[in-house]
Amino acid sequence: PGGIAGTGISLVQISAHNQLSEDAAPAPPPATWDAYSTKSGESSGVIAMIDLLIKDLDKELSEAGVEEKEAQSDYQAMMSDSADKRAQDAKSLTEKESTKADMDSQIQDHGASAKAATSELMAAHKYISSLHAECDWLLQYFDVRKAARADEVDSLEKAKAVLSGAD
């Protein structure tokens, strides 16, 4: 193996080959397809497939239309239900706000009455405290006052005796 790129072909062989091909007639062309003719029955399979695809597409479009209508009616029902719920929630909120307002006014009323009751209770405690202080004073000086009263009664009896002439 010598020659160009280890193929065994050399420049001499190539030139000899070129000389041979110039002298001889060219070989006939390779066999190709038959002459052109229209396809009659063979294309019907492709057309049938295209028709089948069109039918499938039409079927899917009609199914999508039905599903869209169902989805639209479901959406409208959901929106109607949501509107009803919002109305109920608004009504409930209004009722709760009015109840809260009533309870707030009751709290204020009870707060005012509790203030009045507290001040009245404080006044009663103050009065009880003053009565207690007075009683404590009376108890503390009871014996002293009893003795002073007894001395006064005795001195009045002596004064009465002096005035009636008894010595």
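A quick note: this is a predicted structure, and the numbers were derived from the prediction, not measured.

For the rest of this paragraph, the subject is the overall build of the protein. In terms of regular secondary structure, the protein is built from 3 helices and 0 strands. Secondary structure elements in the protein, listed N-terminal to C-terminal, are α-α-α. Out of the 167 residues in the protein, the part that is buried amounts to 0%. Only carbon and sulfur atoms are counted for the fraction: they give 62% of the accessible area of the protein, which is about 15,500 Å².

Moving on, we get to the packing of aromatic side chains. For any two aromatic rings, the description comes down to two numbers: the centre-to-centre distance and the angle of the planes. This model, assessed by the stated rule, comprises 1 aromatic pair. Geometrically, the ring pair formed by tryptophan 137 and tyrosine 141 is tilted, given 5.3 Å between the ring centres and 50 degrees between the ring planes.

With 22 residues, helix H3 (residues 142-163) should cover 32 Å at 1.5 Å per step; its first-to-last C-alpha distance of 31 Å lies within 8% of that length. With respect to burial, H3 is a largely exposed element, only 0 of its 22 residues being buried. Directly beyond the C-terminal end of H3, a positive phi value near 100 degrees is found at glycine 165.

Oppositely charged side chains can pair when the atoms bearing their charge come close. Under the counting rule described, the total for this entry stands at 3 salt bridges. When the shortest N-O distance is used, the salt bridge between aspartate 154 and lysine 158 registers 3.8 Å. Residue aspartate 154 and its partner lysine 158 are both found in helix H3; the two are separated by 4 residues, about one turn of the helix. Take lysine 158: its relative accessible area is 53%, and that puts it in the exposed class.

Parameters at a glance
Residues numbered from 1 in each chain as written. Predicted model: local features only at pLDDT ≥ 70, side-chain atom pairs only at ≥ 80, totals over all residues. Heavy atoms only, no water. Helix = DSSP H or I, 4+ residues; strand = E, 2+ residues; numbered from the N terminus. Buried < 20%, exposed > 50% of the residue type's maximum accessible area, 1.4 Å probe, protein only. Areas by Shrake-Rupley, 256 points an atom, 1.4 Å probe, with all protein chains shown as cover. Phe/Tyr/Trp six-rings, centres within 6.5 Å; stacked < 30°, edge-to-face > 60°. Expected span 1.5 Å × (residues − 1). Salt bridge = Lys/Arg side-chain N within 4 Å of Asp/Glu carboxyl O.

Structural measurements only, silent on function.
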